[in-house]
Structure formats: structure tokens, C-alpha cells
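Breakdown of the fold
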Amino acid sequence: MPLIRVDLLEGRTPEQITRLLDAVHGAVVDAFEVPVRDRYQLVHTHPPHEMVVLDTGLGFERSQDMVVVQVFSRTRPEEQKLRFHRLLVERFERDCGMRSEDVMITITENGDSDWSFGQGEAQFHTGILR
């Protein structure tokens, strides 16, 4: 937890995707202070006609390296979320050679009863997980 969904254009190699996911996970661990084995990631690749990611009038020019990162998480302090934005872009630039203009991030928060990690139980709600 959190659950991360990464959408990107098809064409990256398995090694590039692994580097990208490792960068996301490092930012999650550092920003949200979660355990290293707290890793839940889904990757969806799309042909170019299936991803339209503009810039809301900010003047960004997106490239074929664009990526959308969706984070589904319990409520987090604003400082952690802002730190995550910054760390993720830094790691993508450093580890994946990506430009900051190609990264879109969104965080969706939910509650303890919204999570079940198995066995039909809401482990945060029952107190098994904290």
C-alpha cells in the first residue's frame, strides 16, 4: 500500500519498465515512509491513440516518454504527497532519463475499509495492519 498504476505508451523494454517501477517504489518508500516490501504496482501500456495527456494550458510539450502515475492510498499528509511528486520526478530524470514535463501524477485517497490484501478481510480496518 499504496497501489500504483502506471500508464505509458507501448515500446519500452522490460528493463526500462523495471527501472521505471523501481524509481516509483523508491519514491514511495522515501516519501510515504512505507516498508520496502509494501509494493503494489500495475503497468498498462497503450498505443499512442489511446493516451491523450495534454498540459492544462501550462505549455508542456509531451514526448513519447510520457507517463501517468496514479497513486491509490490511505490519507497522507500534504507534505508527504508534495515530497512524493518531487522525488518521483527526480528519480525518473536520474534513473530513467525522463523529462519532468513527461510526468503526470495523481493521488486518490481512501479509507481503511477500502483495502483488502487477501482472505476477504480489510486488514487496516480490523487492525491487523496499521
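Under an unreviewed UniProt entry, the chain has the name Tautomerase and belongs to Rhodococcus ruber BKS 20-38.

What follows covers the nonpolar core. A general trend in soluble globular proteins is that nonpolar side chains are found buried together. Counting 25 residues, the largest nonpolar core has Leu-20, Val-67, Val-69, Phe-84, Leu-88 and Phe-92 as its most contacted members. For this core, the secondary-structure elements that each account for two or more residues are strand S1 (3-9), helix H1 (14-32), strand S3 (67-74), helix H2 (78-96) and strand S4 (103-110). Looking at which element gives the most residues to this core, the answer is H1, with 10 residues. With near-sequence residues (within four places) excluded, Phe-84 lies in contact with Val-24, Ala-27, Val-28, Ala-31, Phe-32, Val-71, Ile-105 and Ile-107. By size, the runner-up hydrophobic cluster in this structure holds 5 residues, among which are Leu-9, Met-51, Val-53 and Val-68.

For Leu-129, the location among the structural elements is in the segment after helix H3 (123-126). Taking the C-alpha atoms as reference, Leu-129 lies 22 Å from Leu-42; in sequence the two are 87 residues apart. Each residue touching Leu-129, except ones within four places of it in the same chain, is listed here: Phe-117, Gln-123 and Phe-124.

For side chains bearing opposite charge, pairing can occur when the charged atoms are close. As enumerated under the stated definition, the model contains 10 salt bridges in all. Its salt-bridge partner being Glu-101, residue Arg-99 comes within 3.7 Å of it at the nearest N-O pair. The partly exposed category is assigned to Arg-99, whose relative accessible area is 36%. When salt bridges with common partners are traced through the structure, they connect Arg-99, Glu-101 and Asp-102 into a single cluster.

Within this structure, the stated rule accounts for 4 aromatic pairs. A ring pair is formed by Phe-32 and Phe-84, whose centres lie 5.1 Å apart and whose planes are at 20 degrees; its orientation type is stacked. Taken together, the residues span a long stretch of sequence, with Phe-32 in helix H1 and Phe-84 in helix H2 at a distance of 52 residues. Residue Phe-32 is classed as buried on the basis of its relative accessible area, which comes to 2%. Judged by its relative accessible area of 0%, Phe-84 falls in the buried class. Aromatic pair Phe-117 and Phe-124: ring centres 5.6 Å apart, planes at 80 degrees, arrangement edge-to-face. For Phe-124, a relative accessible area of 9% puts it in the buried group.

Turning to H1, a few remarks are in order. An ideal rise of 1.5 Å per residue puts 27 Å on 19 residues; H1 measures up with 26 Å between its terminal C-alpha atoms. Turning to H1, its buried residues number three or more, namely Ile-17, Leu-20, Leu-21, Ala-23, Val-24, His-25, Gly-26, Ala-27, Val-28, Val-29, Ala-31 and Phe-32. Looking at the buried residues of H1, the elements they touch are S1, strand S2 (40-46), S3, H2 and S4. At the C-terminal side of H1, Glu-33 shows a positive phi close to 55 degrees.

Conventions and cut-offs
Residues numbered from 1 in each chain as written. Predicted model: local features only at pLDDT ≥ 70, side-chain atom pairs only at ≥ 80, totals over all residues. Heavy atoms only, no water. Core = buried A, V, L, I, M, F, W, Y, C linked by side-chain atoms within 4.5 Å. Buried < 20%, exposed > 50% of the residue type's maximum accessible area, 1.4 Å probe, protein only. Helix = DSSP H or I, 4+ residues; strand = E, 2+ residues; numbered from the N terminus. Contact = heavy atoms within 4.5 Å. Salt bridge = Lys/Arg side-chain N within 4 Å of Asp/Glu carboxyl O. Phe/Tyr/Trp six-rings, centres within 6.5 Å; stacked < 30°, edge-to-face > 60°. Expected span 1.5 Å × (residues − 1).

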